[in-house]
Amino acid sequence: MQLFHNECCIREEKMSKDLRNIKTKENIESHFINLLERYKFQDITIKLLINECQINRSTFYRNYEDKYDLIYKIVEELIKQFKKNIHCQFITLHLKKENDFKPYFSSLLDYFNKHKDIFIVLYNNDLPINIFDEMLTIYSHYLLNELIYHYHISDSQIKIANYFSKIIASNILVAIKWWHLESPQTSKEEILSLIRNNPNKNISTNLKTILPDGFVKELLNILNLSDVKGNSLTK
């Protein structure tokens, strides 16, 4: 009985310690983001940060190596949550109605909306890591893998499919970035509509303005976006 009691005490003590550690990190990270609203990254010192957080220097270094490690860990956690909200099956489906797109974008838009204030700070700062570029790389890679899996794209077609994936990912992320920075009054439904129109209506038209016709036709055929005569099915 005593042994069981001791184990419970140890477990509770560990949980309490873990909770304190989580709260300490949240305190440091939130104050660091607040400082980034007022100072350039290169001007933020550890002394400034620990004074803002009201912690001692050893507490900071127990959790982070330096301010570079801190910003990388903040971005790493955001990226981790971003990955959980990616649903890229839409790229291989012939979706027409706006409601058909909601399951693939609703949670993603909710994620960006939840962390909007942090993203705005990160967008507006010259940081050692660019979260937008990181997300673009990850999102386009997920879309490419979906295309490869669904259409069994050959090695010779990978390059063009990768290009298409990056355009789609970029359109979506740029729309969300625009939402945050330039049009916060725009509703979630309006952004969803904007995103829906990007891959389905504008991609083939945009490509035709920058690529040879034969190249575009091959791309659309590979991705099942044109019929056998080469007519766009996305109109």
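Quick caveat, the model's predicted, so the values are computed rather than measured.

J.: Let's hear about the overall build of the protein chain: which residues, and what values?
T.: Counting its regular elements, the protein chain contains ten helices and zero strands. Overall, the protein chain shows an N-to-C arrangement of helices and strands of α-α-α-α-α-α-α-α-α-α. With 235 residues in all, the protein chain has 40% of them scored as buried. Within the protein chain, contacts between residues at least 6 apart in sequence are counted, and of these 67% link residues at least 24 apart. Entry remark: accessible area of the protein chain is about 14100 Å², with carbon and sulfur atoms responsible for 50%.

J.: Before we move on, could you go through the pattern of salt bridges and cite the residues and values that matter?
T.: Close approach of charged atoms allows side chains of opposite charge to pair. Within the structure shown, the criterion is met by three salt bridges. One salt bridge connects Asp 69 with Lys 73, and the closest N-O pair in it is separated by 3.2 Å. In this pair, Asp 69 and Lys 73 are both assigned in helix H4 (residues 67-84), four residues apart and thus about one turn of the helix distant. Residue Asp 69 is classed as buried on the basis of its relative accessible area, which comes to 15%. We classify Lys 73 as partly exposed; its relative accessible area is 32%. Salt-bridge contacts for Asp 110 lead to Lys 188; the nearest nitrogen and oxygen are separated by 2.8 Å. Taken together, the residues span a long stretch of sequence, with Asp 110 in helix H5 (residues 98-114) and Lys 188 in helix H9 (residues 188-208) at a distance of 78 residues. Overall, the relative accessible area of 39% leaves Asp 110 in the partly exposed class.

J.: For the packing of aromatic side chains, give the residues involved together with the corresponding values.
T.: This model, assessed by the stated rule, comprises twelve aromatic pairs. Note on Phe 41 and Tyr 68: the rings are 5.2 Å apart at their centroids and 75° apart in plane angle, and the pair reads as edge-to-face. Pair noted here: Phe 41 is in the loop between helix H1 (2-38) and helix H2 (46-53) and Tyr 68 is in helix H4, with a separation of 27 residues, a long-range link. Note on Tyr 68: relative accessible area 41%, which makes it partly exposed. Aromatic pair Phe 82 and Tyr 139: ring centres 6.0 Å apart, planes at 90°, arrangement edge-to-face. Here the residue Phe 82 occupies a position in helix H4, and Tyr 139 occupies one in helix H7 (residues 131-151), the gap between them amounting to 57 residues. With respect to burial, Phe 82 and Tyr 139 carry one shared label: buried. Put simply, the rings of Phe 82, Tyr 111, Phe 112, Phe 119, Tyr 123 and Tyr 139 pair up and form one aromatic cluster. Directly above the ring of Phe 132 sits Lys 177, whose terminal nitrogen or CZ lies 4.7 Å from the centroid.

J.: Describe the confidence of the model for the protein chain, naming the residues involved and giving the relevant values.
T.: Here the protein chain shows a mean pLDDT of 82. Residues at 70 or above account for 74%. Within the protein chain, no element has a lower average pLDDT than helix H10 (residues 213-222), which sits at 50, and none a higher one than H4, at 98. With pLDDT under 50 throughout, residues 224-235 is counted as low confidence; its partners more than four residues away or in other chains account for 22 contacts.

J.: How would you explain the nonpolar core if you had to name every residue and give the values?
T.: By size, the foremost hydrophobic cluster in this structure holds 60 residues, and its most contacted members are Phe 82, Phe 90, Phe 105, Phe 112 and Tyr 139. For this core, the secondary structure elements donating two or more residues are H1, H2, H4, H5, helix H6 (116-123), H7, helix H8 (158-181) and H9.

Rules used throughout
- Residues numbered from 1 in each chain as written.
- Predicted model: local features only at pLDDT ≥ 70, side-chain atom pairs only at ≥ 80, totals over all residues.
- Heavy atoms only, no water.
- Helix = DSSP H or I, 4+ residues; strand = E, 2+ residues; numbered from the N terminus.
- Buried < 20%, exposed > 50% of the residue type's maximum accessible area, 1.4 Å probe, protein only.
- Contact = heavy atoms within 4.5 Å.
- Areas by Shrake-Rupley, 256 points an atom, 1.4 Å probe, with all protein chains shown as cover.
- Salt bridge = Lys/Arg side-chain N within 4 Å of Asp/Glu carboxyl O.
- Phe/Tyr/Trp six-rings, centres within 6.5 Å; stacked < 30°, edge-to-face > 60°.
- Lys NZ or Arg CZ within 6 Å of the ring centre and 35° of its normal.
- pLDDT = per-residue confidence, 0-100.
- Core = buried A, V, L, I, M, F, W, Y, C linked by side-chain atoms within 4.5 Å.

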